[in-house]
Amino acid sequence: MKELRQSPEQGYSNRFAFLNRASVTRWAPIPLRLIVGYGFMQHGFAKLSRGPDAFAVVLHAIGVPAPHLMAWLTTLIEIFGGLAVLLGALVPLASLPMAAVLLVAIFTVHLPYGFSSIKLMSVTAGRAQFGPPGYECDLLYLACLSALVIGGSGPMAIDGYFRRKR
């Protein structure tokens, strides 16, 4: 009698088959919403805490037109867009201005520094010194926003709550 053996790949896929169930995979958007929403809100609150005028000076230095208006718009997009993503409310609509902010950041600030978001320059007095970040994190945010727009916000999203109420 022949003994049936599984290849290592089959054993691996069988061991984690429970992760492929729709009941589990439907929760995949939750961590994306949490990190993208929180991350955007943190960036917006950082700009707000320093004052939008301080950010406007930076925007003016890199040649962004109407720097005061753009500083306020960017700050508000980051705070309220981040909140919308965090809550799963109007994610496709909120993602458009958020993606625009990311693309502007890539092409006006991060592109000259290359892909990597972490550039270890030196270690002095036991502390790491880093160089300017590249566009890696911006691309990750864009990928997460795209995944949420294409795949949906998942359970526990405000949009789903209102859809069920109708």
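Bear in mind the structure is a predicted one, so any value in this text is a computation, not a measurement.

**Q** Is there a simple way to think about the side chain of Asp138 in this case?
**A** Among the secondary structure elements, Asp138 is positioned in helix 7 (residues 136-151). Of the side chains with opposite charge, Lys47 comes closest to the buried, unpaired Asp138, at an N-O distance of 9.1 Å. Not counting residues within four places of it along the chain, the set of residues in contact with Asp138 comprises Leu102, Ala105, Ile106 and His110.

**Q** In this structure, what is going on with the pattern of salt bridges? I would like to understand it.
**A** A pair can form between side chains of opposite charge whenever their charged atoms are brought close. Using the criterion set out here, one finds 1 salt bridge in the structure. Of the charged contacts, one joins Lys47 and Glu78 as a salt bridge, the two residues approaching to 3.0 Å between their closest N and O atoms. A residue pair is termed long-range when its members are at least 10 positions apart, and Lys47 in helix 3 (residues 29-50) and Glu78 in helix 5 (residues 67-87) qualify at 31 residues. For the pair Lys47 and Glu78, one class covers both residues: buried.

**Q** Could you clarify how one ought to interpret the side chain of Thr74 in this entry?
**A** Position of Thr74 relative to the elements: it lies in helix 5. Among the polar contacts listed, one links the side chain of Thr74 to the backbone oxygen of Met70, at a separation of 2.7 Å. Beyond its immediate stretch of four places on either side in the chain, Thr74 contacts Lys47, Phe55 and Val101.

**Q** What am I meant to see in the layout of surface pockets here?
**A** Here the largest pocket is characterised by a volume of approximately 880 Å³. Along the walls of the largest pocket sit 34 residues, with Lys47, Phe55, Glu78, Ala105 and His110 positioned nearest its centre. If you list the elements that add at least two residues to the lining of the largest pocket, you get helix 3, helix 4 (52-61), helix 5, helix 6 (91-110) and helix 7. Here the lining of the largest pocket takes 9 residues from helix 6, the largest share from any one element. Counted by class, the lining of the largest pocket contains 23 nonpolar, 7 polar and 4 charged residues.

**Q** Looking at this structure, how should I read the confidence of the model for the chain?
**A** When pLDDT is low, close inspection of the predicted coordinates is not appropriate. Of all residues in the chain, 89% have pLDDT values of 70 or greater, and the mean over the chain is 89. Here helix 1 (residues 8-15) stands out as the least confident element of the chain, with mean pLDDT 60; helix 5 is the most confident, with 97.

**Q** Before we go on, may I ask you to explain the pairing of strand 2 (residues 127-130) in this structure?
**A** Here is the key point about a regular strand: its side chains alternate between the two faces of the sheet. When strand 1 (residues 120-124) meets strand 2, the two strands line up antiparallel, connected through 4 bridges. Pairing of Thr124 across the sheet is with Arg127, part of strand 2. The turn linking strand 1 back onto strand 2 is made up of 2 residues, and Ala125 within it adopts a positive phi angle of 55 degrees.

**Q** Please explain the packing of helix 3 against helix 7 as it appears in this structure.
**A** At a minimum axis distance of 10 Å, the contact between helix 3 and helix 7 shows a crossing angle of 130 degrees. Between helix 3 and helix 7, the angle falls in the class oblique. Judged by the twist between their axes, the crossing of helix 3 over helix 7 is left-handed. Contacts between helix 3 and helix 7 pair Pro29, Leu32, Arg33, Ile35, Val36, Gly39, Phe40 and His43 from the former with Tyr141, Cys144, Leu145, Ala147 and Leu148 from the latter. When grouped by side-chain class, the residues that make up the contact of helix 3 with helix 7 number 10 nonpolar, 2 polar and 1 charged.

**Q** I would appreciate a short explanation of the packing of aromatic side chains in the present structure.
**A** Each aromatic ring pair is characterised by the separation of its centres together with the angle its planes make. Scanning all chains against the criterion turns up 2 aromatic pairs. Sitting above the plane of the Phe55 ring, Lys47 keeps its charged end 4.9 Å from the centroid.

**Q** I keep staring at unusual backbone geometry and nothing clicks. Help me out?
**A** One can expect most non-glycine residues to show negative phi and most peptide bonds to be in trans. Its identity is not glycine, yet Leu90 carries a phi of approximately 55 degrees, on the positive side. One can find Leu90 in the loop between helix 5 and helix 6. In this structure, Ala125 is a non-glycine residue whose phi angle is positive, near 55 degrees. Tracing the backbone shows Ala125 in the loop between strand 1 and strand 2.

Conventions used here
Residues numbered from 1 in each chain as written. Predicted model: local features only at pLDDT ≥ 70, side-chain atom pairs only at ≥ 80, totals over all residues. Heavy atoms only, no water. Helix = DSSP H or I, 4+ residues; strand = E, 2+ residues; numbered from the N terminus. Buried < 20%, exposed > 50% of the residue type's maximum accessible area, 1.4 Å probe, protein only. Lys, Arg positive; Asp, Glu negative; His and termini not counted. Salt bridge = Lys/Arg side-chain N within 4 Å of Asp/Glu carboxyl O. Contact = heavy atoms within 4.5 Å. Polar contact = N/O pair within 3.5 Å; in protein donor to acceptor, adjacent residues only side chain to side chain. 1 Å grid on protein atoms, 1.4 Å probe; cavity = no way out; pocket = protein on both sides within 12 Å on 5 of 7 lines; lining within 4 Å. Points joined across faces, edges and corners; volume = space filled by probe spheres on them. Nonpolar A, V, L, I, M, F, W, Y, C, P; charged D, E, K, R; others polar. pLDDT = per-residue confidence, 0-100. Pairing = 2+ DSSP bridges. Axes fitted to C-alpha atoms, helices over the stretch in contact; angles between N-to-C directions. Parallel < 35°, antiparallel > 145°, perpendicular 65-115°, else oblique. Left-handed = near helix turned anticlockwise from the far one by under 90°. Phe/Tyr/Trp six-rings, centres within 6.5 Å; stacked < 30°, edge-to-face > 60°. Lys NZ or Arg CZ within 6 Å of the ring centre and 35° of its normal.

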